[in-house]
Each structure stands twice: as structure tokens, then as C-alpha cells.
Amino acid sequence: MRVATWNINGVKARLENLLHWLEEETAPDVVCLQEIKSVDEQFPRMEIESLGYHVETHGQKGFNGVAILSKLRFDEATRGLPGEESDAQSRFIEGVFSVDGGVIRVVSAYMPNGNPLGTEKFTYKIAWMERLQAWAEARVALEEPLVLAGDYNIIPHPIDARNIQDWLGDALYQPQSRAALRRLEALGLTECVRAVTDAAETYTFWDYQAGAWQKNNGIRIDHILLSPEAADRFSAASIDKRVRAWEKPSDHVPVIAELDFHAPH
DNA sequence: ATGGTTGCTTTGCAA
């Protein structure tokens, strides 16, 4: 099973791009999308279903919004991160799929950006990550395969930015933000890309502004974390930076993990 | 060099 996460930055603006990517021979079995910027009713469901994907969305008007596309049929789909009933932002959807030997859970999450510092946006970012931690603790306790994929809006280490000095005052690189990711990993979750390489310049985001792509001024903020039961079946990870050079690209590119799970017979 | 670009809710906001 190939699982990908991709912040699409507007699914309606990016539909041609997305369909072309899904039509490739290497297209993933499960695709976690973030920033669909669409209500569920306007999500281009039929175009994607016609390529053999099942579709579950958790959108909202104008911004945020997440979705999971899957060649496997959903056993369940759950919307929203528990722990704060008043939170109206659509940032979390969990799908459950039957595979050989049991089930696998896959989450598409769009973690808050948190900028600028010193505002309620940063407070919300940290509080959201604390809610995610509580959720993840309960899920890890199930001892099931779990894929926690998304735009974390966190730069883990200095090597994950071309110019880390540029990010010292940014919410994506604050000690509290980095600690939130470290605490998830401390539960026993494996971060796929760093599990297979310590190479630099493994970026997943290049700003539209100031020629960031042309200068390779990128950062690595999109991640796939695996529970131990999923990590046992993990064989490879990659970043598909080709799509950043396509016409009308998202500012993010897909991260992909290979897992040795198969549809039940 | 406090700029630059993109998508949506548009003449502002979020990223």
C-alpha cells in the first residue's frame, strides 16, 4: 500500500494538476489532502471517483479543509479532532480500512500555521497540537497500524530548511512547535522521511514568493508518522518534488510512504 | 530589500 500526503492549496484551483498526478502509474492507494479550501458539496468528487478512488471530505468555506482519497473502500470515516467542541476549523479526518490481518487507520491532518507569534493564532496552534497528542496517545494504545499524515506546519530540525535563520521568528520553528512533534515521536511514532535518510534539502514546501522554488529556498513541514504496527511494514519514503515544477503548482509537494499492507482477499 | 505570490471569503485575509 502506498500512502501519500499533499497540501493541495485549493482543490478546485488544482484539479487538473491533481487528476494528472492520480492518473500516473505510481499513483498512491491512499491520498491525504489538506487545504482543499472547499465545502464538501463543491469538492470535485466525481472526477476523482472516476479514477477509482473513494472520497471522504471534511471541508469548510474558503480555507482549511481536509480529505482522504482511497482505492480501498472506507470501513469508517470520522471528522474533526476531539477535545474542543467549539473549534469550527476543518483540519482532521480519519479513515479506517480493512487490510490483510486487520485494519489500518489513516489520518489527514492540517495542523495550524500559528503565525504571527504573540497572537491567538499561535496559542491555537499549540493547543491544537496538545489535543492531537491526547488523541494520538489513545490511538497508540490500540496497538494498531496508524498513519498520521499531513501538513504539520512544523520544521523539525535546522537541516529541514535552506536558511533556518529566516525561520527563527516564525511559528513553524518555535521550540514549542518542535516539542509538539517530538512528543508525538516519543509515543513511538516513526517519522518516515527521516527514518530512511539524513539528507539535507528534502523539502516539501517552497513559497510562491521571491523565487523560493528557483532558489531551492524550501522547508520540510509535511510529514508522515507511523505507529509501531505500521512501521513494522514500512519499506520506503519519498518526496515527489516534480509537481512543484508543473504549471500552476501547489506550494507544497506530496510525501509518500510504502507500507506492506494489502486489501483483504 | 519589511518585499514577494496565490486562492478564496475579495478591494481583505490567510498562508
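Enquirer: I tried to follow the overall build of chain A on my own but got confused; where do I start?
Expert: Each helix and strand in chain A was counted, giving six helices and 14 strands. Whereas a compact globule of 265 residues would reach a radius of gyration of roughly 18 Å, chain A reaches 17 Å, a difference of no more than 12%. Principal axes of the C-alpha set define a box for chain A whose edges measure 50 × 40 × 40 Å. The proportion of buried residues among the 265 residues of chain A is 53%. Expressed as a percentage of contacts within chain A between residues at least 6 apart in sequence, the contacts between residues at least 24 apart total 69%. Only carbon and sulfur atoms are counted for the fraction: they give 49% of the accessible area of chain A, which is about 11500 Å². Looking at chain A, you have 27 positive and 40 negative side-chain charges, and the mean spots of the two groups are 5 Å apart.

Enquirer: Help me out: how do you make sense of the packing of helix α3 (residues 120-141) against helix α4 (residues 175-186) in this one?
Expert: Two elements in contact, α3 and α4, have axes separated by 10 Å at closest approach and are oriented at 5°. Put simply, α3 runs roughly parallel to α4. Between α3 and α4, the contacting residues are F122, K125, I126, M129, L132, Q133 and A136 on the first element and Q176, S177, A180, R183 and L184 on the second. A per-class count over the contact of α3 with α4 returns seven nonpolar, three polar and two charged.

Enquirer: Teacher, can you tell me more about the side chain of S227 here?
Expert: As for its position among the elements, S227 is in the loop between β12 (222-226) and α6 (228-231). By relative accessible area, which is 1% here, S227 ends up buried. With near-sequence residues (within four places) excluded, S227 lies in contact with E144, P145, L146 and L189.

Enquirer: Any chance you could explain the packing of aromatic side chains here in plain terms?
Expert: Within the structure shown, the criterion is met by five aromatic pairs. Aromatic pair F92 and W135: ring centres 5.1 Å apart, planes at 80°, arrangement edge-to-face. Placement of F92 in strand β6 (residues 92-99) and of W135 in helix α3 is noted, with a sequence separation of 43 residues between them. Each member of the pair, F92 as well as W135, is classed as buried. With 6.3 Å between their ring centres and 80° between their planes, Y203 and W206 make a pair best called edge-to-face. For W206, a relative accessible area of 0% corresponds to the buried category. A network of ring pairs unites the aromatic residues Y203, W206 and W213 as a single cluster.

Enquirer: How should the side chain of Q174 be read in this particular structure?
Expert: Mapping Q174 onto the fold places it in the loop between β8 (146-151) and α4. By relative accessible area, which is 13% here, Q174 ends up buried. Ignoring any residue separated from it by four or fewer positions in sequence, one finds Q174 in contact with L117, F122, W167, L168 and G169.

Enquirer: Hey, could you run me through the state of the cysteines in this one?
Expert: By definition, a disulfide is the covalent link that joins the sulfur atoms of two cysteine residues. What the rule picks out here adds up to zero disulfides. Free of any disulfide, C32 has its nearest cysteine sulfur in C192, 11 Å distant. Its relative accessible area of 1% is what places C192 among the buried residues.

Enquirer: Could you clarify how one ought to interpret the sheet that holds β8 in this entry?
Expert: Overall, mixed pairing links the six strands, which are arranged β5-β6-β7-β8-β12-β9 in an open sheet. Both outer strands of the open sheet, β5 (76-79) and β9 (190-191), are each paired with one neighbouring strand and no more. Judged from the four bridges that link them, β5 and β6 form a sheet pairing that is antiparallel. By the bridge assignment, R79 is partnered in β6 with I93. Helix-sheet contacts for α3 involve β6, β7 (102-110) and β8, and the interaxial angle to β6 is about 20°.

Enquirer: Even after reading the chapter, I still don't get the sheet that holds strand β4 (residues 66-70), so can you show me in this structure?
Expert: Whether parallel or antiparallel, the strands of a sheet pair through hydrogen bonds between backbone atoms. Taken together, six strands build an open sheet; the order of strands is β3-β4-β2-β1-β14-β13 and the sheet is mixed. Looking along the sheet, the strands with just one partner apiece sit at the ends: β3 (54-58) and β13 (234-239). When the angles between neighbouring strand axes are averaged without regard to direction, this sheet yields 15°. As paired strands, strand β1 (residues 2-7) and strand β2 (residues 30-34) are joined by five bridges and run parallel to one another. Residue pairing for β2: N7 is matched across the bridge by Q34. The strands that helix α1 (residues 15-22) touches are β1, β2, β4 and β14 (255-259); relative to β1, the one it contacts most, it runs at about 165°.

Enquirer: Explanation requested: the nonpolar core in the structure shown.
Expert: Soluble globular proteins tend to bury their nonpolar side chains together. M1, I104, V106, V147, I224, L226 and L259 are the most contacted members of the largest nonpolar core, which has 26 residues in total. Breaking this core down by element, the ones donating at least two residues are β2, β4, β6, β7, β8, α5 (192-196), β12 and β14. In this view, L226 contacts L146, V147, G188, L189, T190, C192, A231, F234 and L259; residues no more than four positions away in its chain are not counted. V11, V55, L69 and A212 belong to the second largest nonpolar core, which has 25 residues in total.

What counts, and where the lines are drawn
Residues numbered from 1 in each chain as written. Chains lettered and ligands numbered in written order. Predicted model: local features only at pLDDT ≥ 70, side-chain atom pairs only at ≥ 80, totals over all residues. Heavy atoms only, no water. Helix = DSSP H or I, 4+ residues; strand = E, 2+ residues; numbered from the N terminus. Rg over C-alpha atoms; globule rule 2.2 N^0.38 Å. Buried < 20%, exposed > 50% of the residue type's maximum accessible area, 1.4 Å probe, protein only. Contact = heavy atoms within 4.5 Å. Areas by Shrake-Rupley, 256 points an atom, 1.4 Å probe, with all protein chains shown as cover. Lys, Arg positive; Asp, Glu negative; His and termini not counted. Charge placed at Lys NZ, Arg CZ, Asp CG, Glu CD. Axes fitted to C-alpha atoms, helices over the stretch in contact; angles between N-to-C directions. Parallel < 35°, antiparallel > 145°, perpendicular 65-115°, else oblique. Nonpolar A, V, L, I, M, F, W, Y, C, P; charged D, E, K, R; others polar. Phe/Tyr/Trp six-rings, centres within 6.5 Å; stacked < 30°, edge-to-face > 60°. Disulfide = S-S within 2.5 Å. Pairing = 2+ DSSP bridges. Core = buried A, V, L, I, M, F, W, Y, C linked by side-chain atoms within 4.5 Å.

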